[in-house]
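Single-letter residue listing:
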Amino acid sequence: MSAEYDIAETLDVKGASCPMPVVKTKGAIDDLAPGEILEVLATDAGSMSDIDGWAAGTEGVELVAQEEGDDVYKHYVRKTE
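Residues numbered from 1 in each chain as written. Predicted model: local features only at pLDDT ≥ 70, side-chain atom pairs only at ≥ 80, totals over all residues. Heavy atoms only, no water.

Trainee: I tried to follow the overall build of the protein on my own but got confused; where do I start?
Mentor: A count of helical and extended segments in the protein gives two helices and four strands. Starting at the N terminus and walking to the C terminus, you meet the elements of the protein as β-α-β-α-β-β. In summary, the protein has a C-alpha radius of gyration of 11 Å against a globular reference of 12 Å for 81 residues, a match within 12%. Out of the 81 residues belonging to the protein, those deemed buried represent 37%. When contacts within the protein are restricted to residue pairs at least 6 apart in sequence, long-range pairs at least 24 apart make up 65% of them. Within the structure as shown, the protein displays about 4,500 Å² of accessible surface, and the carbon and sulfur contribution to it stands at 47%. (Helix = DSSP H or I, 4+ residues; strand = E, 2+ residues; numbered from the N terminus. Rg over C-alpha atoms; globule rule 2.2 N^0.38 Å. Buried < 20%, exposed > 50% of the residue type's maximum accessible area, 1.4 Å probe, protein only. Contact = heavy atoms within 4.5 Å. Areas by Shrake-Rupley, 256 points an atom, 1.4 Å probe, with all protein chains shown as cover.)

Trainee: So what exactly am I meant to see when it comes to the pattern of salt bridges here?
Mentor: Pairing of side chains with opposite charge becomes possible as their charged atoms draw close. For the structure shown, the criterion picks out three salt bridges. Close ionic contact of D12 with K14 constitutes a salt bridge, the shortest N to O distance being 2.9 Å. Given a relative accessible area of 47%, D12 falls into the partly exposed group. K14 sits in the partly exposed class, given a relative accessible area of 38%. K26 is paired through a salt bridge with D30; the nearest N and O atoms lie 3.3 Å apart. (Salt bridge = Lys/Arg side-chain N within 4 Å of Asp/Glu carboxyl O.)

Trainee: Looking at this structure, how should I read the packing of helix 1 (residues 20–30) against helix 2 (residues 47–56)?
Mentor: Running from amino to carboxyl end, helix 1 crosses helix 2 at an angle of 45°, the nearest separation of the two axes being 10 Å. Considering their axes alone, helix 1 and helix 2 lie oblique with respect to each other. The hand of the helix 1/helix 2 crossing is right-handed. Counting all contacts with helix 1, which are made through P21, V22, T25, K26 and I29, the residues of helix 2 involved are S47, D50, I51 and W54. Here the residues of the contact of helix 1 with helix 2 sort into five nonpolar, two polar and two charged. (Axes fitted to C-alpha atoms, helices over the stretch in contact; angles between N-to-C directions. Parallel < 35°, antiparallel > 145°, perpendicular 65-115°, else oblique. Left-handed = near helix turned anticlockwise from the far one by under 90°. Nonpolar A, V, L, I, M, F, W, Y, C, P; charged D, E, K, R; others polar.)

Trainee: Please explain unusual backbone geometry as it appears in this structure.
Mentor: Note that the residue after C18, namely P19, is joined by a cis bond; omega there is 5°. When you line up the elements, P19 lands in the loop between strand 1 (7–13) and helix 1. Backbone geometry places D71, a non-glycine residue, at a positive phi of 65°. By the secondary structure assignment, D71 is in the loop between strand 3 (61–68) and strand 4 (73–79).

This is the structure we're talking about:
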């Protein structure tokens, strides 16, 4: 079951390991307008804590949800400002 969000852009970082998912997420978020949501698809289990920690410590972004699927981790990040 997948959560339904109004996703502005999907970032595929499958196969990338730390710190690339966070680096690429930051770059993609910078291109979004406030209120838009970025969906990040990753295969690195560490991305769950990495993206959570990055969002918690970063002004202007909010981690809306994370989903752990079959070999794919989905992260939904909203740009708040």
